[in-house]
Amino acid sequence: MRIQVVVGGMLVALGAVTAWVTVGACQAQGTTVLLVRHADREPGKDELSAAGRERALKLARSLRDVRITAIYQTQYRRTREMAAPVAAGFALTPIEVDARDSESVARDIRKSYPGETVLVVGHSNTVPKIVAALGGPSLADIAEDDFGNLWVLQVCRCGFKRASLTRLRYGD
């Protein structure tokens, strides 16, 4: 599996992400959960702005070589629009979840996708809750104008409910 991201304006390819993020977390191959917040939105509207739509395309290009087996999105238009280019690239139908129920999202990921890679498109207030529900470390609040983060959460399968978290950036 490879993830390509732009860091400081430079395209960076990370090979063998599963092996890279499991160091120090767990010896059993766990589930890799990629989490992003929806991109820039139109002020006062539940839709992405032109910049947000461009950011969604950049995310899709950045993840094109990753073997994503499932995509989770919330019921809001902005997360659907964010997930759409990635879903199209993998011919996947995103799983729509209730933004208020992070625990059930975490349970479903653990149960349905052990050892696989999934993408979760959420919100500034849901991404930290999903990380915590999957056993990850506390994630600082995400500012309302902070877009372009890609969190890689390697969920341990050894039963200790712990996970390692790496923050990357994609796009500009």
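These lines cover the structure that appears in this document, whether it is placed above or below.

Criteria and thresholds
Residues numbered from 1 in each chain as written. Predicted model: local features only at pLDDT ≥ 70, side-chain atom pairs only at ≥ 80, totals over all residues. Heavy atoms only, no water. Helix = DSSP H or I, 4+ residues; strand = E, 2+ residues; numbered from the N terminus. Expected span 1.5 Å × (residues − 1). Bend = angle between axes of the 7 residues up to and from the residue. Contact = heavy atoms within 4.5 Å. Core = buried A, V, L, I, M, F, W, Y, C linked by side-chain atoms within 4.5 Å. Buried < 20%, exposed > 50% of the residue type's maximum accessible area, 1.4 Å probe, protein only. Salt bridge = Lys/Arg side-chain N within 4 Å of Asp/Glu carboxyl O.

**Considering helix H3 (residues 77-90)**
No. 1: Compared with an ideal rise of 1.5 Å per residue, which puts 14 residues at 20 Å, H3 spans 20 Å between its outermost C-alpha atoms and is within 8% of the ideal.
No. 2: Maximal helix bending in H3 amounts to about 35 degrees, located at Ala 84; proline Pro 85 follows within four positions.
No. 3: For H3, the secondary structure elements touched by its buried residues are strand E3 (31-37), helix H2 (50-62), strand E4 (68-74) and strand E6 (117-122).
No. 4: Downstream of H3 by a residue or two, Ala 91 has a phi angle that is positive, lying close to 55 degrees.

**Here's the deal with the environment of Ala 133**
No. 1: Here Ala 133 lies in helix H5 (residues 127-133).
No. 2: C-alpha separation for the pair Ala 133 and Arg 162, spaced 29 residues apart in sequence, amounts to 9.7 Å.

**Brief notes about the nonpolar core**
No. 1: Val 33, Leu 35, Tyr 72, Ile 109, Leu 134 and Leu 153 are the most contacted members of the largest nonpolar core, which totals 22 residues.
No. 2: Counting only elements with at least two residues in this core, the list comes to E3, E4, helix H4 (102-112), E6, H5 and strand E7 (149-155).
No. 3: With 4 residues, the top contributor of residues to this core is H5.
No. 4: In this structure, Leu 134 is in contact with Val 33, Ala 106, Ile 109, Arg 110, Leu 153, Val 155 and Ala 163, ignoring residues within four places of it in sequence.
No. 5: Counting residues in each nonpolar core, the second largest holds 21 residues, with Leu 34, Val 36, Ala 87 and Tyr 170 among its members.

**A closer look at the pattern of salt bridges**
No. 1: Tallied over the entire structure, the rule returns 8 salt bridges.
No. 2: Residue Arg 78 is joined to Asp 46 by a salt bridge in which the shortest nitrogen-to-oxygen separation is 2.6 Å. Linking Arg 78 in helix H3 with Asp 46 in the loop between E3 and H2, this pair joins segments that are 32 residues apart in sequence.
No. 3: Asp 146 is the salt-bridge partner of Arg 169, the closest N and O atoms lying 3.4 Å from each other. Placement of the pair is Arg 169 in strand E8 (residues 163-169) and Asp 146 in the loop between H5 and E7, with a sequence separation of 23 residues.
No. 4: Overall, Arg 169 belongs to the partly exposed group, its relative accessible area being 26%.
No. 5: Salt bridges here are not isolated pairs; linked through shared partners, they connect Glu 47, Arg 77 and Glu 81.

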